[in-house]
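What the coordinates show
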Amino acid sequence: MAITKKVIIIIFCFVAISTGAWAVYSVFNSPLFSLQVLEVAELPPDAPMDSRAITDLAALPLGAVSLFKVDLKMIEQRMLENSWIQQVRLEKKFPQTLSMSVEFRQPVAFFQTGSGDVSYVDIDGKIFGRLRLNSYTDLPFISGIVVDDKEKIKTALEILHGLEKNLDKMSRISNVVWDGQLGFRALVIYPFYGAKGKSSDQVLFGRAFVELGPENFVFKDAQFKKITAVISYLSTHRISAQRIWADAEKKIVVKTARSS
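Right, let's walk through the structure included here. Keep in mind it's a predicted model, so treat the numbers as computed, not measured.

Overview of helix α4 (residues 150-164)
Here α4 is 15 residues long and its end C-alpha atoms lie 21 Å apart, about the 21 Å a rise of 1.5 Å per residue gives. If you check which residues of α4 are buried, you get K152, I153, T155, A156, L157, I159, L160, G162 and L163.

Shown next as structure tokens:
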């Protein structure tokens, strides 16, 4: 009698487990929970790709997979293979929706390789993307540096940031160049307000190379302020300069154009 009870209990447990397993299987594979919608969060106006391109990167067959079985980590890794995408946020919204939010890299400069190819570089020194003619057109160039030279790229970005934050709004850095003999050079474009012989509201522009020296020459914020103060003086006094030497740390030397 005791054996019979044990057998009944075992059979009952087996049936219960089987029933539960079948119920779970049915839920996980029910068409009620099949992925039907890929929802992309609102994108910024200058986004480098549209919602369709983002859903194509996710590469999920609608109606053919259960939302329970969608591997978020795998989708994230697949989407991050696109160098424009910096971060992805994915969320399952039951019963049938996968929500996607994408954060794009923000370029701070063009990066030109020795072969002439042009990509972008972000504030962290990440090289990514290809030149797009419909957006991000007013950026400075960084050139003369090989792609895998992280230290020189970092120094070029520090120079770019150090000069830009102290220049007036009408002045800009056109190019930061690494030259094997001269070191770092920055091409600065600055305005001549009320240029001589012109109407007071007309603005002309001068340009000069700022010689910054070798990569191991460490600039401090005070040195960048000295350089931009010189450029401001040239701008205010309508002086056209050819070159500005700022690689001696304590002094800055300016070579003016002959007409100045």
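Don't stop here, the text continues.
Topic: the environment of E81
Here E81 is to be found in the loop between α3 (72-79) and β2 (85-93). Residue classification places E81 among the exposed residues on the basis of a relative accessible area of 66%.

Quick notes on the side chain of T97
For T97, the location among the structural elements is in strand β3 (residues 97-104). Other than its neighbours up to four places away in sequence, T97 contacts L35, V37, E39, L67, E91 and K92.

Points about the pairing of strand β11 (residues 241-245)
With 3 bridges joining them, strand β10 (residues 203-213) and β11 adopt parallel strand pairing. When the sheet's bridge partners are listed, F209 is paired in β11 with R243. The sheet contact formed by β11 and strand β12 (residues 253-256) spans 4 bridges and is antiparallel. In the sheet register, I244 faces β12, and the bridge partner there is V254.

Digging into the packing of aromatic side chains
For the structure shown, the criterion picks out 12 aromatic pairs. The interplanar angle of 70 degrees and the centroid separation of 6.3 Å between the aromatic rings of F33 and F94 together place this pair among those described as edge-to-face. Of the two residues, F33 sits in the loop between α1 (2-28) and β1 (37-40) while F94 sits in the loop between β2 and β3, which places them 61 residues apart along the sequence. The exposure class of F33 is partly exposed, given its relative accessible area of 21%. Classification of F94 as partly exposed rests on a relative accessible area of 44%. Through successive ring pairs, a cluster of aromatic residues spans W84, F110, Y120, F128, Y136 and F141. The lysine or arginine in question, R132, covers the ring of W84, its NZ or CZ lying 5.8 Å from the ring centre. One Lys or Arg, K152, reaches over the ring of W178 and ends 4.8 Å from the middle of that ring.

Cut-offs applied
Residues numbered from 1 in each chain as written. Predicted model: local features only at pLDDT ≥ 70, side-chain atom pairs only at ≥ 80, totals over all residues. Heavy atoms only, no water. Helix = DSSP H or I, 4+ residues; strand = E, 2+ residues; numbered from the N terminus. Expected span 1.5 Å × (residues − 1). Buried < 20%, exposed > 50% of the residue type's maximum accessible area, 1.4 Å probe, protein only. Contact = heavy atoms within 4.5 Å. Pairing = 2+ DSSP bridges. Phe/Tyr/Trp six-rings, centres within 6.5 Å; stacked < 30°, edge-to-face > 60°. Lys NZ or Arg CZ within 6 Å of the ring centre and 35° of its normal.

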